[in-house]
Amino acid sequence: MNQKIIPASSNMKEFESFLRSPYEIGVFLDMHIAQLKHINSMAKEKGKKMIYHVDLIHGIKNDDYATEYICQEFKPYGLISTKSSVIQKAKQKGVIAVQRIFLIDSHALEKSYKLIAKTQPDYIEVLPGAMPKIIAEVKEIVGTPILAGGLIRNSEDVDAALMAGATAITTSKRELWEGFLKH
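Structural notes, computed from the coordinates. (Residues numbered from 1 in each chain as written. Predicted model: local features only at pLDDT ≥ 70, side-chain atom pairs only at ≥ 80, totals over all residues. Heavy atoms only, no water.)

### Section: the nonpolar core
Side chains of a nonpolar character, in soluble globular proteins, are inclined to be buried together. The line we're drawing: Among the buried residues, those of types Ala, Val, Leu, Ile, Met, Phe, Trp, Tyr and Cys that are joined through side-chain atoms within 4.5 Å form a nonpolar core. Using a 1.4 Å probe on the protein chains alone, a residue whose accessible area is under 20% of its type maximum counts as buried, one over 50% counts as exposed, and one in between counts as partly exposed. Only DSSP runs of H or I reaching four residues or more are called helices, and only runs of E reaching two or more are called strands; each is numbered from the N terminus. We call two residues in contact when some of their heavy atoms are within 4.5 Å.
Ranked by internal contacts, the top residues of the largest apolar core, which has 46 residues, are Phe 15, Tyr 52, Leu 79, Ile 135, Val 158 and Ile 169. No other element matches helix α2 (residues 33-45), which puts 4 residues into this core. Apart from the residues within four sequence positions on either side, Leu 79 is in contact with Ile 51, Tyr 52, Val 54, Thr 67, Ile 70, Cys 71, Ala 90, Val 95, Ile 96, Ala 97 and Val 98. Core analysis: the next-biggest nonpolar cluster, separate from the first, contains 12 residues, Ile 25, Ile 80, Val 98 and Leu 147 among them.

### A word on the sheet that holds strand β9 (residues 146-149)
Under the convention used in this document: Two strands form a pair only when DSSP identifies at least two bridges running between them. Note on geometry: axes are C-alpha line fits, over the in-contact stretch for helices, and angles between N-to-C directions span 0 to 180 degrees.
Pairing is parallel in the closed barrel, where 8 strands are placed in the order β1-β2-β4-β6-β7-β8-β9-β10. Between one strand axis and the next, the sheet turns through 25 degrees on average, direction left out of account. Two strands pair when backbone bridges link them, and strand β6 (residues 78-81) and strand β7 (residues 96-102) are joined in this way by 4 bridges, in the parallel orientation. Counted as the bridge partner of Ser 81 is Gln 99 from β7. Running over the sheet, helix α1 (residues 12-20) touches β1 (5-9), β2 (25-28) and β4 (49-53) and is turned about 150 degrees from β1. Sheet strands touched by helix α5 (residues 106-119): β7 and β8 (123-127). Its angle to β7, the strand with the most contacts, is close to 165 degrees.

### Topic: unusual backbone geometry
Cis peptide bonds are those with omega within 30 degrees of zero, and the linkage from Leu 127 to Pro 128 qualifies with -5 degrees. Notably, Lys 75 is not glycine yet its phi reads approximately 45 degrees, a positive angle. Position of Lys 75 relative to the elements: it lies in the loop between α3 (64-74) and β6. For Lys 75, a relative accessible area of 57% puts it in the exposed group. Located in the positive-phi region is Gln 120, a residue other than glycine, with phi close to 50 degrees. When you line up the elements, Gln 120 lands in the loop between α5 and β8. Judged by relative accessible area, which is 48%, Gln 120 ranks as partly exposed.

### Quick word on the packing of helix α4 (residues 84-92) against α5
Put simply, the test is: Oblique is the label for any angle not covered by the other classes, which are roughly parallel (under 35 degrees), roughly antiparallel (over 145) and roughly perpendicular (65 to 115). Here is the rule for handedness: rotate from the far helix to the near one, and if that takes an anticlockwise turn smaller than a right angle the crossing is left-handed, while a clockwise turn gives right-handed. Throughout this entry, Asp, Glu, Lys and Arg are counted as charged residues, while Ala, Val, Leu, Ile, Met, Phe, Trp, Tyr, Cys and Pro are counted as nonpolar. The remaining residues, Gly among them, count as polar.
Two numbers describe how α4 lies on α5: the axes approach to 10 Å, and their chain directions differ by 25 degrees. For the element pair α4 / α5, the angle class is roughly parallel. As α4 runs across α5, the sense of the crossing is right-handed. Where α4 abuts α5, its residues Ser 84, Ile 87, Gln 88 and Lys 91 lie against Leu 115, Lys 118 and Thr 119. Its residues assigned to classes, the contact of α4 with α5 shows 2 nonpolar, 3 polar and 2 charged.

### Section: α5
Rules: How far a helix is expected to stretch is found by multiplying one less than its residue total by 1.5 Å. Here, the arc refers to the directions that run from the helix axis to the C-beta atoms. Here a polar contact is recorded for every N or O atom pair within 3.5 Å, except that within protein the pair must consist of a potential hydrogen donor and a potential acceptor, and residues adjacent in sequence are included only if both atoms are side-chain atoms.
The end-to-end C-alpha distance of α5, which contains 14 residues, comes to 20 Å, matching closely the 20 Å that a straight helix rising 1.5 Å per residue would cover. Three or more residues of α5 are buried, namely Ala 108, Leu 109, Ser 112, Tyr 113, Ile 116 and Thr 119. Angular distribution of buried residues about the axis of α5 spans 145 degrees; they occupy a single face of the element. Away from its buried face by more than 90 degrees, α5 exposes Ser 106, His 107, Lys 111, Lys 114 and Lys 118. Those residues of α5 that are buried lie in contact with α4, β7, β8 and α6 (132-142). Residue Asp 105 occupies the N-cap position of α5, its side-chain oxygen lying 3.2 Å from the main-chain nitrogen of His 107.

These values are about where atoms sit, not about what they do.
Below is the structure:
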């Protein structure tokens, strides 16, 4: 991914803003399965590459069967999930696989390291992304490109995560999408 900011949308208004933006790659969070076809066709019409968060698509289970369906039917650029079966199926189908991990405590981080070793995702999405020291540690230990998301509230947070080793920032804050274009 050659974008430093990856706009994340959780509703149609945000998605339409993304479609008007110069960004090529975007994430869609929290949708109903019935919206997926429409969202996907709108993105393709505008030449956008979509990453869908499988765990947040309501009306479909976040498992390898649903992942296979989404990959075959909608041909997304990528999929995000906390589930290893989703990550492995996405990789098998040639779709960018983003393993989402939560930085809750040391125990959760150790479990995440084991999960990443097992799934070998293309990217890791680290939440919250406003923890530069931990981003640097995760990057050093696993060596997988990192997307930082969650609780990134301003350009200083963006810069700190990128300087710590994040490849890009996923954010639903439109001010950050627009502000970073001016960097």
